[in-house]
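Summary of the model geometry
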Amino acid sequence: QCPWGAPNTTSISCSLADVMSEQLAKELQLEEENAAFPEVVAVAEGPFITGENVDTSSDLMLAQMLQMEFDREYDAQLRREEKKINGDSKVSISFENYRKVHPYDSDSSEDEVDWQDTRHDPYRADKPTTTPRKGFIGKGKDITTKHDEVVCGRKNTARMENFAPEFHVGDGIGMDLKLSNQVFNALKQHAYSEERRSARLHEKKEHSTAEKAVDPKTRLLLYKMVNSGMLETITGCISTGKESVVFHAYGGKSATEDKVIPPECAIKVFKTTLNEFKNRDKYIKDDYRFKDRFSKLNPRKIIRMWAEKEMHNLTRMQNAGILCPQVVILKKHVLVMSFIGQDQVPAPKLKDVTLSSEDMKKAYYQVLNMMQQLYKECNLVHADLSEYNMLWHDGKVWLIDVSQSVEPTHPHGLEFLFRDCKNVSQFFQKAGVAEALNERELFNAVSGFNITADNEVDFQAEIEALEKMNEDHVQNHGKKLSVFSSDGDPPIYDE
Ligand code: ADP
Ligand code: MN
């Protein structure tokens, strides 16, 4: 006899009826799945797919989206099997470890983690710090920098303990495992996405036609937001501008308990075509807040910077109590905020709304107030303020579109403010608000300056002189003139 034992050739017999019913079940299941996960729509070339990545990377994106669909189907299949096996039994087994991990999660977030700081406002002017940022402890031979690889590696390993309990990290601490920052970040990202995925209760369908208007990378980002359950559905496009596209979405559930997603959201997608941003140079080129970052960044990151700026500016406004959209989340060049409006209908722009003279007057005083708050409390100049960027909602004016807003000490900040004042004055004067200040009075009322010139040319010249004075001062003394500070100190030149 063969030492390996004879192969058991008796096959399990099954009846034709069994085969038939199994096939039928398969077909039914397939049908069901097709209904639940409609095929990814073919990419229609949107108006602003960048030339450089139009062919290759859009294929990649498509492939990733398809992969995501497959993963989802696979996971759904696993869930069904798990359910079948467990049945009503008291002890259940989990297939969690066999779930798919979407490949794009690890590679799409690489610079997001390091670069985009959504909590701290880097655009806030630096306060002089007294504590030296030496970044090391100990002295002499025992010196350890905070970047010391061994210490850092152990710390990273220990920090793995903070991952969700389902996340298997092994016994890294026991074996004195040292994780490099890179590996740790990748793991962290993975752990978080796993956590989010397992927190997902229902599969969300996404049936958006509007998504065709954005480039594949962006579509994938939006797709992820819906897939993660953060957004319920993206219903359509509200606005297509030169620099951004705005979508409406119904909010879903947040992965974290403490955060509430508004029932309706606006998604502002900053266009990744660079040409449109060229004319924004003057906002950014001389801005001292950018001087450390601008030169190091590639154009893609600069666009993200606009989104980041809008987020930080909105947050400042929110904190000052100015009516404006509330930030929900920022992902790269996509900013999700609360929707101003109702039932998918955005609040009308001030230019499109017909108001009673009573309401118009109320609106004017509200705008005046907001401009002052913006300047004094937020230390910001809107820089694109007009009836186009003010919405009328709930009987009040709401400010939007603040990605280009700058601090008053920006080399052209006061000119921007004057332009804002001109727009606002003209609009309300035309609308018949007799009380509306003229642009020069408004400028003084907002900024606290007291420029007395009675004509535009002289006024403008004085504004430019002020800006130059501040610039020279920054050049010579490395800090801004205190005449710009919001507490209204007189100009002092000594340090
Ligand atoms: P752009 O730079 O393209 O002008 P905006 O931020 O002004 O970008 O948005 C364009 C338009 O989209 C606005 O005029 C407004 O109608 C709409 N919109 C933007 N954000 C919101 C929001 N949070 N709620 C409702 N509508 C919005
Ligand atoms: Mn706008």
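Residues numbered from 1 in each chain as written. Chains lettered and ligands numbered in written order. Predicted model: local features only at pLDDT ≥ 70, side-chain atom pairs only at ≥ 80, totals over all residues. Heavy atoms only, no water.

Quick word on the coordination of the manganese ion (ligand 2)
Donor atoms from the polypeptide that coordinate the manganese ion (ligand 2) comprise Asn 389 (OD1) and Asp 401 (OD), at 2.2 Å from the metal. One end of the pair, Asn 389, is in the loop between helix H10 (357-376) and strand S10 (390-393); the other, Asp 401, is in the loop between strand S11 (396-399) and helix H11 (413-430), and twelve residues separate them in sequence. As far as the burial class goes, Asn 389 and Asp 401 line up, both buried. (Donors = N, O, S within 2.8 Å, 3.2 Å for Na, K, Ca; no water. Helix = DSSP H or I, 4+ residues; strand = E, 2+ residues; numbered from the N terminus. Buried < 20%, exposed > 50% of the residue type's maximum accessible area, 1.4 Å probe, protein only.)

Digging into the sheet that holds strand S6 (residues 327-331)
Pairing between the strands of a sheet is mediated by backbone hydrogen bonds and can be parallel or antiparallel. The strand order S3-S4-S5-S7-S6 describes an open sheet built from five strands, whose pairing is antiparallel. Edge positions in the open sheet fall to strand S3 (231-240) and S6, since each of these has one partner strand only. Across the sheet, the mean angle from the axis of one strand to that of its neighbour is 20°, orientation sign disregarded. One ladder, built from seven bridges, connects strand S4 (residues 244-251) with strand S5 (residues 264-270); its direction is antiparallel. Counted as the bridge partner of Tyr 250 is Glu 264 from S5. Across the sheet, helix H9 (residues 299-320) is in contact with S5, S6 and strand S7 (334-338); its angle to S6 comes to roughly 160°. (Pairing = 2+ DSSP bridges. Axes fitted to C-alpha atoms, helices over the stretch in contact; angles between N-to-C directions. Contact = heavy atoms within 4.5 Å.)

Structural notes on the packing of aromatic side chains
Enumeration over the complete set of coordinates arrives at seven aromatic pairs. Where Tyr 364 meets Tyr 365, the ring centres are 5.3 Å apart and the plane angle is 65°; that geometry is what we call edge-to-face. Here Phe 418 and Phe 443 contribute two aromatic rings whose centre-to-centre distance is 5.9 Å and whose plane-to-plane angle is 85°, an arrangement assigned as edge-to-face. Here the residue Phe 418 occupies a position in helix H11, and Phe 443 occupies one in helix H12 (residues 439-447), the gap between them amounting to 25 residues. With relative accessibility at 1%, the residue Phe 418 sits in the buried group. The structure contains a cluster of three or more aromatic residues connected by ring pairs, namely Tyr 364, Tyr 365, Phe 427 and Phe 428. (Phe/Tyr/Trp six-rings, centres within 6.5 Å; stacked < 30°, edge-to-face > 60°.)

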